[in-house]
Amino acid sequence: MALTSKKGAETGRGSVYGSVGWGEEEGSTDYGSLLHQLREAEDEAQGLLHFLSRCQELCWDSLAVTAVLVLLLCMPIAMLAVGTSYQHECPQEPRVPIYLQVGGAFGCLLLLLLLYQHRRWRRAKDLDDDIGNNDDDDDDDGVMTRSCRFTCHVVSLFLLAWFVMGNVWLWAMGQPNFKQPLHEPRNWCSKVLYLFTLYHLLACHGLLAVSLVGILLTVLVYSVRHNICCWCCLLG
């Protein structure tokens with residue numbers, strides 16, 4: 001009798017998950033897909049934070065991460081190029097080109113570290129049978145991994161604070177004169193420098209908004225699915 005009830009509860013849970021799912025079709029056999037792995041992670045998760053951590057690991061394990069990081073690397077390189085080329089072309093707010101130079105340098109550092117970490121992650125996964133034969137190598141790998149993670153966290157915090165400062169400097173300047181006035185020779189800024197910085201900040205705001213929406217949707221789907229499951233179990 002207990003086995004029958006347990007089986008019925010599992011069946012009800014499966015039907016509920018199928019109705020509020022991650023977009024998988026019923027009877028899908030693509031067990032290597034990201035959606036299937038996310039569903040397994042949800043079933044095995046011990047809570048919301050654990051589920052979010054598993055989602056991060058699954059997304060980090062995807063090859064698409066490499067392509068995204070390489071594409072994002074174009075942004076700090078462009079920041080370095082523009083900030084260096086127009087270093088003395090904004091006397092109204094000389095910190096704007098400095099913002100681009102410093103942000104570009106640390107942005108390149110962060111993305112290169114992330115690419116290095118992702119490469120080590122995938123190599124460790126692909127060569128799992130060959131790694132770990134030497135305890136000294138394990139210790140060295142552990143120290144290197146922890147050092148990279150710590151550096152990434154520190155650089156990320158610095159870039160976040162630097163991004164806030166860039167917003168303050170640019171918006172406080174307002175729309176400047178793009179040509180040098182005769183009566184105020186320092187009250188101008190290069191149009192290319194100003195517009196590039198403006199679009200860069202808007203793009204960063206957009207990326208942050210997309211990331212936040214993705215996290216909120218993940219939390220919402222997880223909460224809805226588990227709340228419906230709990231109600232079905234209580235009503236059943």
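Predicted, not measured: the structure shown is a model, and the values here were computed from it.

1. Topic: the state of the cysteines
Applying the stated criterion to the full structure yields one disulfide. Free of any disulfide, C108 has its nearest cysteine sulfur in C74, 9.7 Å distant. Accessibility expressed as a relative area gives 13% for C108, which makes it buried. Free cysteine C148: the closest other cysteine sulfur is in C152, separated by 6.4 Å.

2. Regarding the confidence of the model for the protein
In the predicted model, the protein carries a mean pLDDT of 76, and the fraction of residues at 70 or more is 60%. Summarising per-element confidence for the protein, the mean pLDDT is lowest in helix α1 (residues 2–19) (43) and highest in helix α4 (residues 64–85) (92). pLDDT under 50 marks residues 129–136. Its contacts with residues more than four places away, or in other chains, come to four contacts.

3. Quick look at the nonpolar core
Side chains of nonpolar character tend, in soluble globular proteins, to be buried together. Core analysis: the biggest nonpolar cluster contains 17 residues, and Y99, L100, L170, M173, C189, L193 and Y194 have the highest contact counts within it. Sorting the residues of this core by element identifies α4, α5 (95–126), α6 (135–173) and α7 (191–235) as the ones contributing at least two each. Formed by six residues, the second largest nonpolar core is a distinct cluster that contains V65, L73, C108 and L111.

4. Concerning the packing of aromatic side chains
By the definition in use, this model includes five aromatic pairs. Pairing F106 with F158 gives two aromatic rings, centres 4.6 Å apart and planes at 50 degrees, and the pair type is tilted. Highlighted residues: F106 in helix α5 and F158 in helix α6, separated in sequence by 52 residues. For F106, a relative accessible area of 31% corresponds to the partly exposed category. Classification of F158 by relative accessible area gives partly exposed; the value is 31%. Centroid distance F178 to Y194: 5.9 Å. Interplanar angle 50 degrees. Geometry classified as tilted. Taken together, the residues span a long stretch of sequence, with F178 in the loop between α6 and α7 and Y194 in helix α7 at a distance of 16 residues. Taking the relative accessible area as the measure of exposure, F178 reaches 28% and is therefore partly exposed. Y194 sits in the buried class, given a relative accessible area of 8%.

Definitions and limits used
Residues numbered from 1 in each chain as written. Predicted model: local features only at pLDDT ≥ 70, side-chain atom pairs only at ≥ 80, totals over all residues. Heavy atoms only, no water. Disulfide = S-S within 2.5 Å. Buried < 20%, exposed > 50% of the residue type's maximum accessible area, 1.4 Å probe, protein only. pLDDT = per-residue confidence, 0-100. Helix = DSSP H or I, 4+ residues; strand = E, 2+ residues; numbered from the N terminus. Contact = heavy atoms within 4.5 Å. Core = buried A, V, L, I, M, F, W, Y, C linked by side-chain atoms within 4.5 Å. Phe/Tyr/Trp six-rings, centres within 6.5 Å; stacked < 30°, edge-to-face > 60°.

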